[in-house]
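Analysis of the macromolecular model
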Amino acid sequence: MKHTVELYNHSKKTANVTTHVTGMTNYSTYRVSLSDRECDCGQWKLDGIPCSHALEVCRQYAVDPREYVPECYSTTKYSLTYSSGFFAPLPDIEEWEEPNFQLRHNPDRKIRRCGRDVTFRIHNEMDWAQTQARQQYQSQDSGWTVYLLVC
């Protein structure tokens, strides 16, 4: 994937970024606004971290992209979160305590399989009429065999 920055406006801190995917003939153009912290792709607004289009604008114009990352993602805030002792990261798996309970299988619980459930129904005269019509149509000697699927 290749980004090309066009039409950068220094006063508004906006640019148009054209994205071209290698091997594809089409391309997309996104408007990036560094001052508003948004891009037309929507990724920047979604998680607050600058998207690849915004990073390309920062790279081309020597702007530090860390200015546009929220402070909550900084390493100092991360370490402060876990320093209080209220939130403790999980230890290594070898340090886990053994549980004091046993897991038991419930044989009455049915496991659902992927896909649509198989249903059984009682066929009636309507189904027989459709089968007969299909067989009559196939038996006509037209040189072609046409199969009709009736749902």
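Summary of the structure given here. (Residues numbered from 1 in each chain as written. Predicted model: local features only at pLDDT ≥ 70, side-chain atom pairs only at ≥ 80, totals over all residues. Heavy atoms only, no water.)

To continue, consider the pairing of strand 1 (residues 2–9). The sheet contact formed by strand 1 and strand 2 (residues 14–20) spans 6 bridges and is antiparallel. Bridge assignment links asparagine 9 to a residue of strand 2, and that residue is threonine 14. Connecting the antiparallel pair strand 1 and strand 2 is a turn made up of 4 residues, with lysine 13 showing a positive phi of about 55°. (Pairing = 2+ DSSP bridges. Helix = DSSP H or I, 4+ residues; strand = E, 2+ residues; numbered from the N terminus.)

Turning next to the packing of aromatic side chains. Enumeration over the complete set of coordinates arrives at 2 aromatic pairs. Judged by centre distance (4.1 Å) and plane angle (15°), the ring pair of tyrosine 8 and tyrosine 61 falls under stacked. Within this pair, whereas tyrosine 8 is found in strand 1, its partner tyrosine 61 is found in the loop between helix 2 (52–60) and helix 3 (75–83), the two being separated by 53 residues in sequence. On the basis of relative accessible area, tyrosine 8 is assigned to the buried category, the value being 16%. (Phe/Tyr/Trp six-rings, centres within 6.5 Å; stacked < 30°, edge-to-face > 60°. Buried < 20%, exposed > 50% of the residue type's maximum accessible area, 1.4 Å probe, protein only.)

Spatial ordering of the open sheet is given by 1-2-3-4, a layout of 4 strands whose pairing is antiparallel. Every interior strand has two partners, whereas the edge strands, strand 1 and strand 4 (38–39), have only one. Set on the sheet, helix 2 makes contact with strand 1, strand 2, strand 3 (27–33) and strand 4; between it and strand 1 the angle comes to about 65°. (Contact = heavy atoms within 4.5 Å. Axes fitted to C-alpha atoms, helices over the stretch in contact; angles between N-to-C directions.)

Quick look at the side chain of histidine 53 now. Tracing the chain through its elements places histidine 53 in helix 2. The class of histidine 53 is buried, set by a relative accessible area of 6%. Among the polar contacts made by the side chain of histidine 53, one reaches the side chain of threonine 19 at a distance of 3.3 Å. The residues contacting histidine 53, other than those within four sequence positions of it, are His3, Val17, Thr19, Tyr30, Val32, Cys39 and Cys41. (Polar contact = N/O pair within 3.5 Å; in protein donor to acceptor, adjacent residues only side chain to side chain.)

Turning our attention to unusual backbone geometry. Residue lysine 13 is not a glycine yet carries a positive backbone phi of 55°. Mapping lysine 13 onto the fold places it in the loop between strand 1 and strand 2. In this structure lysine 13 comes out as partly exposed when scored by relative accessible area, which is 35%. In this structure, arginine 37 takes a positive phi of about 55° despite not being glycine. Relative to the helices and strands, arginine 37 resides in the loop between strand 3 and strand 4. In this structure arginine 37 comes out as partly exposed when scored by relative accessible area, which is 35%.

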